[in-house]
Structure formats: C-alpha cells, structure tokens
Amino acid sequence: MARITYIEHDGREHVVEVKNGLSVMEGAIRNNVPGIDADCGGACACATCHVYVDEAFQAETGRASAMEESMLDFAENVQPNSRLSCQIRVSDDLDGLIVRLPENQH
Ligand code: FES
C-alpha cells in the first residue's frame, strides 16, 4: 500500500491510498482523480496517462522502458521526469509518492 499525492495542473491535490500491484494510473482512475485519461487502459499504447514524477521519487519509480520512451514522444511538454503512470507499479517503496499532472493529456 502506498499513499500517493496527485497534483493537478491547477494545484489541486488528491491524496489516495493505492494497493500494491496496481499502477499509479489505476490508483488515479479508481479514486476518481481527474487529469489522467488512460485511453488504452494501461497497455502503454496511448500516452494519455502522462505524469511528472517528483524528483525525490525518481529512483524508486525507476526508468522508462524503451517502449514507454517511444510512447512518451506522443505526449506534450515532456520533461526529464515524465513517465506514463500505467507503467509505474505501486509498492510499499512508493509510499509518499508525489506525481504532478500535465495541463492536458492530448
Ligand atoms: Fe495508455 Fe498508459 S494508459 S499509455
């Protein structure tokens, strides 16, 4: 279980508890956090689950795979800390994770 803070582009924060094994994207969808579309349902095929991982957690969340990197090319305003949230698996190590959401997903 990890407590994850999702911060919308306008600064609104949503703090939710997400079970281990789910993705950071699923944690948002299941808790009605707005700002993550996840059109492909987590198949790493749409890039509408783009988030910015807080720098303090970049080591814990790991690096994007080659496939994820190529999908990020379809996201807007990609930064060095950009990730596709469907590709980040929740574990106890991510307790306290903060992700910021882009202005839009398209
Ligand atoms: Fe489609 Fe993450 S939900 S790439």
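Criteria and cut-off values
- Residues numbered from 1 in each chain as written.
- Predicted model: local features only at pLDDT ≥ 70, side-chain atom pairs only at ≥ 80, totals over all residues.
- Heavy atoms only, no water.
- 1 Å grid on protein atoms, 1.4 Å probe; cavity = no way out; pocket = protein on both sides within 12 Å on 5 of 7 lines; lining within 4 Å.
- Points joined across faces, edges and corners; volume = space filled by probe spheres on them.
- Helix = DSSP H or I, 4+ residues; strand = E, 2+ residues; numbered from the N terminus.
- Nonpolar A, V, L, I, M, F, W, Y, C, P; charged D, E, K, R; others polar.
- Pairing = 2+ DSSP bridges.
- Salt bridge = Lys/Arg side-chain N within 4 Å of Asp/Glu carboxyl O.
- Core = buried A, V, L, I, M, F, W, Y, C linked by side-chain atoms within 4.5 Å.
- Buried < 20%, exposed > 50% of the residue type's maximum accessible area, 1.4 Å probe, protein only.
- Contact = heavy atoms within 4.5 Å.

### Here we look at the layout of surface pockets
In this structure, the largest pocket occupies an estimated 230 Å³ of space. At the level of elements, helix H2 (58-61), helix H3 (66-72) and strand S4 (82-84) are the ones that each hand at least two residues to the lining of the largest pocket. Here the lining of the largest pocket is built from residues that sort into five nonpolar, six polar and four charged.

### Considerations on the pairing of strand S2 (residues 13-18)
Both strand S1 (residues 2-7) and S2 contribute to a ladder of six bridges, which runs antiparallel. Of the residues in S2, the one forming a bridge with Arg-3 is Glu-17. In this antiparallel pair of consecutive strands, S1 and S2, the connection spans five residues, and Gly-11 shows a positive phi of 100°.

### Regarding the pattern of salt bridges
Within this structure, the stated rule accounts for six salt bridges. Of the charged contacts, one joins Arg-12 and Glu-8 as a salt bridge, the two residues approaching to 3.7 Å between their closest N and O atoms. With a shortest N-O distance of 2.8 Å, Asp-10 and Arg-12 are connected by a salt bridge.

### Section: the nonpolar core
Membership of the largest hydrophobic core comes to 29 residues, with the highest contact counts inside it found for Ile-4, Tyr-6, Val-24, Ile-36 and Leu-97. At the level of secondary structure, the elements contributing two or more residues to this core comprise S1, S2, helix H1 (24-30), strand S3 (50-53) and H3. If we skip the residues at most four places from it in the chain, Leu-97 touches Arg-3, Ile-4, Thr-5, Val-24, Val-53, Phe-57 and Thr-61.

### Here's the deal with the pairing of S3
Burial along S3 is two-sided: His-50 and Tyr-52 facing one way and Val-51 and Val-53 facing the other are all buried. As judged from the two bridges shared by S3 and strand S5 (residues 98-100), these two strands associate in the antiparallel manner. Across the sheet, the residue bridging to Tyr-52 is Arg-100, located in S5.

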